[in-house]
Amino acid sequence: MLDDDARAIQLGTVAEMALAADQTDFVGDPLRMMLISLEEESRSPYVIEANGEGVGVLTLQWGAARLAGWPDDDSAWLLRGFLIDSKSQGRGLGVLAAKAAVEEARKLTARQGGGQAGVVLSVNERNPAGLAAYAKAGFVDCGRYLGGNSGPQRIMYKAF
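Residues numbered from 1 in each chain as written. Predicted model: local features only at pLDDT ≥ 70, side-chain atom pairs only at ≥ 80, totals over all residues. Heavy atoms only, no water.

### Some words on the overall build of the chain
Moving on, step 1. When its secondary structure is counted, the chain shows 4 helices and 6 strands.
Moving on, step 2. When the elements of the chain are put in sequence order from the N terminus, they spell out α-α-β-β-β-α-β-α-β-β.
Moving on, step 3. Expressed as lengths along the three principal axes of its C-alpha atoms, the size of the chain is roughly 40 × 40 × 25 Å.
Moving on, step 4. Taking as baseline every contact in the chain between residues at least 6 positions apart, the subset at least 24 positions apart corresponds to 57%.
Moving on, step 5. For the chain, the accessible area works out to roughly 8,500 Å², and carbon and sulfur atoms hold 51% of it.
Moving on, step 6. Between the mean site of the 16 positive side-chain charges and the mean site of the 20 negative ones, the chain shows a separation of 7 Å. (Helix = DSSP H or I, 4+ residues; strand = E, 2+ residues; numbered from the N terminus. Contact = heavy atoms within 4.5 Å. Areas by Shrake-Rupley, 256 points an atom, 1.4 Å probe, with all protein chains shown as cover. Lys, Arg positive; Asp, Glu negative; His and termini not counted. Charge placed at Lys NZ, Arg CZ, Asp CG, Glu CD.)

The structure is reproduced here in structure tokens:
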């Protein structure tokens, strides 16, 4: 919901974000994720900011929860493409952003009149930092999902 100039500035910030070496198996290129999200009506992309500076990205998507192993597409928002820039990790920003994503999904549901009751995601079992951050943000482990491209995933869910 930005004008063209503000969007260009944010995309420039996203283009400079980098993943930690051990995250490349779990997360794609942040700029590519944002550009795809801007093109699809079902996706709402966000730049995560701390102290006025872009430190990460995430996307909320409706109608796609099965991509995380959820039993249906419509009862939950899918949180995807979530990352914190490597320079900003270790400060608790992932936990805060995950909590904020759930609140934003609740607001989107209220505005759009959707039937979603929470947010679902999948996180790779080999990603202990991600698993811990989502648990600290209140997401509950709902079982294993074998459909991910990079190996077994944990399905995590948080109700509004």
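### Some thoughts on the pairing of strand S3 (residues 76-84)
Moving on, step 1. Of all 9 residues making up S3, 7 are buried, and the element is well covered by its neighbours.
Moving on, step 2. One ladder, built from 5 bridges, connects strand S2 (residues 53-61) with S3; its direction is antiparallel. Note on S3: the bridge partner recorded for glycine 56 is isoleucine 84.
Moving on, step 3. Pairing between S3 and strand S4 (residues 118-124): 3 bridges, direction parallel. Bridged to leucine 78 within S4 is valine 120.
Moving on, step 4. Once you follow S3 into helix H3 (residues 93-112) and on to S4, the crossover reads as right-handed. (Buried < 20%, exposed > 50% of the residue type's maximum accessible area, 1.4 Å probe, protein only. Pairing = 2+ DSSP bridges. Right-handed = clockwise from strand over helix to strand, strands pointing away.)

### Details of the sheet that holds S3
Hydrogen bonding along the main chain pairs the strands of a sheet, whether they run parallel or antiparallel.
Moving on, step 1. Strands sit in the order S1-S2-S3-S4-S6-S5 across an open sheet of 6 strands; the sheet is mixed. If you trace the sheet from one side to the other, it starts and ends with strand S1 (43-50) and strand S5 (140-145), each paired once. Going from strand to strand, the sheet's axes swing by 30 degrees on average, the running direction of each strand aside.
Moving on, step 2. By the bridge criterion, 4 bridges tie S5 to strand S6 (residues 153-159) in an arrangement that is antiparallel. Across the sheet, the residue bridging to arginine 144 is arginine 154, located in S6. (Axes fitted to C-alpha atoms, helices over the stretch in contact; angles between N-to-C directions.)

### What about the packing of aromatic side chains?
Working definition: an aromatic ring pair is given by the centre-to-centre distance plus the angle between the planes.
Moving on, step 1. In this structure the tally under the stated criterion is 3 aromatic pairs.
Moving on, step 2. Geometrically, the ring pair formed by tryptophan 70 and tyrosine 157 is stacked, given 4.6 Å between the ring centres and 15 degrees between the ring planes. On the criterion of sequence distance, the pair formed by tryptophan 70 in the loop between S2 and S3 and tyrosine 157 in strand S6 is long-range, its members being 87 residues apart.
Moving on, step 3. Its relative accessible area of 16% is what places tryptophan 70 among the buried residues.
Moving on, step 4. When the ring of tyrosine 134 is compared with that of phenylalanine 139, the centres are 5.8 Å apart and the planes differ by 70 degrees; the resulting orientation is edge-to-face. Both residues of the pair, tyrosine 134 and phenylalanine 139, belong to the buried class. (Phe/Tyr/Trp six-rings, centres within 6.5 Å; stacked < 30°, edge-to-face > 60°.)

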